[in-house]
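# Secondary and tertiary structure notes
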Amino acid sequence: MTTPTALTPAQATARFGEFTVIDVRTPGEYASGHLPGAHNIPLDRLDEAADALKKAAQSTPLLIVCASGARSAKGCAQLAAQGIDAATLEGGTTAWAAAGHAVERPAGARATWPMDRQVRLAAGSLVLAGFVAGLAWTPAHWLSGAIGAGLVFSGVTNTCGMAAALAKLPHNRPPRNAVSFQETLLRLAA
């Protein structure tokens, strides 16, 4: 297993033409703005794309990106476990855009919140609802406890069931005119 390299936006910019860029965010997040020329392979489908990514990595190095760098680091670790070298972009597309670099946004695409923000909103709302409902009906406090336990489990295992569920909502799905997952794999393998 190899150790993934973390590149700052300045380092990635200096070598940008060398990379095949893979964005591991949800299709909705990807559509709201991504690095120029990036291919969308959601993190939960990275294993399905391993063969195409291995082929792509043979011709150009891979740069894995997400919103903040957390999912891309996890994606790099997944690929490294399969013998595929990849670098991650520190700070993700957020740091990239903050540094003044170009971000592609398809025409008509709506902005989708980053997944971590969606999870914080959903978890916080459920905890608050459990607390408020518990004032009238004490057993409702268990909702807050269950969400808290889920967050602890998420932290310990570095997985997030709530993010997986939220990723399936319509606003996190690809727009109708988006390149399909299968087409993306074909382009990578070419």
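Quick note: structure is the one above.
Below is a summary of the structure that appears in this document. Source: prediction; values computed, not measured.

## Some thoughts on the state of the cysteines
- Across all of its chains, the model carries zero disulfides by this definition.
- Lacking any disulfide linkage, Cys76 is separated from the closest cysteine sulfur, that of Cys66, by 9.4 Å.
- Looking at Cys76, the relative accessible area reads 1%, which means it is buried.
- Free of any disulfide, Cys160 has its nearest cysteine sulfur in Cys66, 14 Å distant.
- Residue Cys160 is classed as partly exposed on the basis of its relative accessible area, which comes to 27%.

## Examining the sheet that holds strand 1 (residues 5-7)
- Taken in spatial order, the five strands of this open sheet run 1-5-4-2-3, and their pairing is parallel. Looking along the sheet, the strands with just one partner apiece sit at the ends: strand 1 and strand 3 (39-40).
- Looking at chain direction, strand 4 (residues 62-65) and strand 5 (residues 86-89) are connected through three bridges and run parallel. Bridged to Ile64 within strand 5 is Thr88.
- Against the sheet, helix 4 (residues 70-81) engages strand 4 and strand 5, with an angle of about 175° to strand 5.

## Structural notes on the pattern of salt bridges
- A complete count under the given rule lists six salt bridges for this structure.
- Across the salt bridge formed by Glu48 and Arg45, the nearest N and O atoms sit 3.0 Å from each other.
- The class of Glu48 is partly exposed, set by a relative accessible area of 48%.
- In this structure, Glu183 engages Arg187 in a salt bridge whose closest nitrogen and oxygen atoms are separated by 3.2 Å.

## Concerning the layout of surface pockets
- Taken as a whole, the largest pocket holds about 1200 Å³ of empty space.
- If you go around the largest pocket, you meet 46 residues; those closest to its centre are Val24, Arg25, Thr26, Pro42 and Arg71.
- Broken down by secondary-structure element, the contributors of at least two residues to the lining of the largest pocket are helix 2 (27-31), strand 3, helix 4, helix 6 (115-136), helix 7 (141-157), helix 8 (161-166) and helix 9 (181-189).
- Sort the elements by how many residues they give to the lining of the largest pocket and helix 4 lands first, with four residues.
- When its residues are assigned to classes, the lining of the largest pocket shows 23 nonpolar, 14 polar and nine charged.
- Quantified by volume, the second largest pocket comes out at close to 230 Å³.

## Some details on the pairing of strand 4
- Alternating positions in strand 4 separate into two faces, Leu62 and Ile64 on one and Leu63 and Val65 on the other, with burial throughout.
- Tracing the backbone out of strand 4, into helix 4 and back to the parallel element strand 5 gives a crossover that is right-handed.

## Section: the nonpolar core
- Residues Ile22, Ile41, Leu53, Leu62, Ile64 and Leu79 are the most contacted members of the largest nonpolar core, which totals 20 residues.
- For this core, the secondary-structure elements that each account for two or more residues are helix 3 (50-59), strand 4, helix 4 and helix 9.
- The element contributing the most residues to this core is helix 3, with four residues.

## What to know about helix 3
- Buried within helix 3 are the following residues: Ala50, Ala52, Leu53 and Ala56. Seen along its axis, helix 3 keeps its buried residues to an arc of 155°; they face one direction. Turned more than 90 degrees away from the buried face of helix 3 sit Asp51 and Gln58, all of them exposed.
- Elements that come into contact with the buried residues of helix 3 comprise strand 2 (20-23), strand 4, helix 4 and helix 9.

Cut-offs and rules
Residues numbered from 1 in each chain as written. Predicted model: local features only at pLDDT ≥ 70, side-chain atom pairs only at ≥ 80, totals over all residues. Heavy atoms only, no water. Disulfide = S-S within 2.5 Å. Buried < 20%, exposed > 50% of the residue type's maximum accessible area, 1.4 Å probe, protein only. Pairing = 2+ DSSP bridges. Helix = DSSP H or I, 4+ residues; strand = E, 2+ residues; numbered from the N terminus. Contact = heavy atoms within 4.5 Å. Axes fitted to C-alpha atoms, helices over the stretch in contact; angles between N-to-C directions. Salt bridge = Lys/Arg side-chain N within 4 Å of Asp/Glu carboxyl O. 1 Å grid on protein atoms, 1.4 Å probe; cavity = no way out; pocket = protein on both sides within 12 Å on 5 of 7 lines; lining within 4 Å. Points joined across faces, edges and corners; volume = space filled by probe spheres on them. Nonpolar A, V, L, I, M, F, W, Y, C, P; charged D, E, K, R; others polar. Right-handed = clockwise from strand over helix to strand, strands pointing away. Core = buried A, V, L, I, M, F, W, Y, C linked by side-chain atoms within 4.5 Å. Arc of directions from axis to C-beta.

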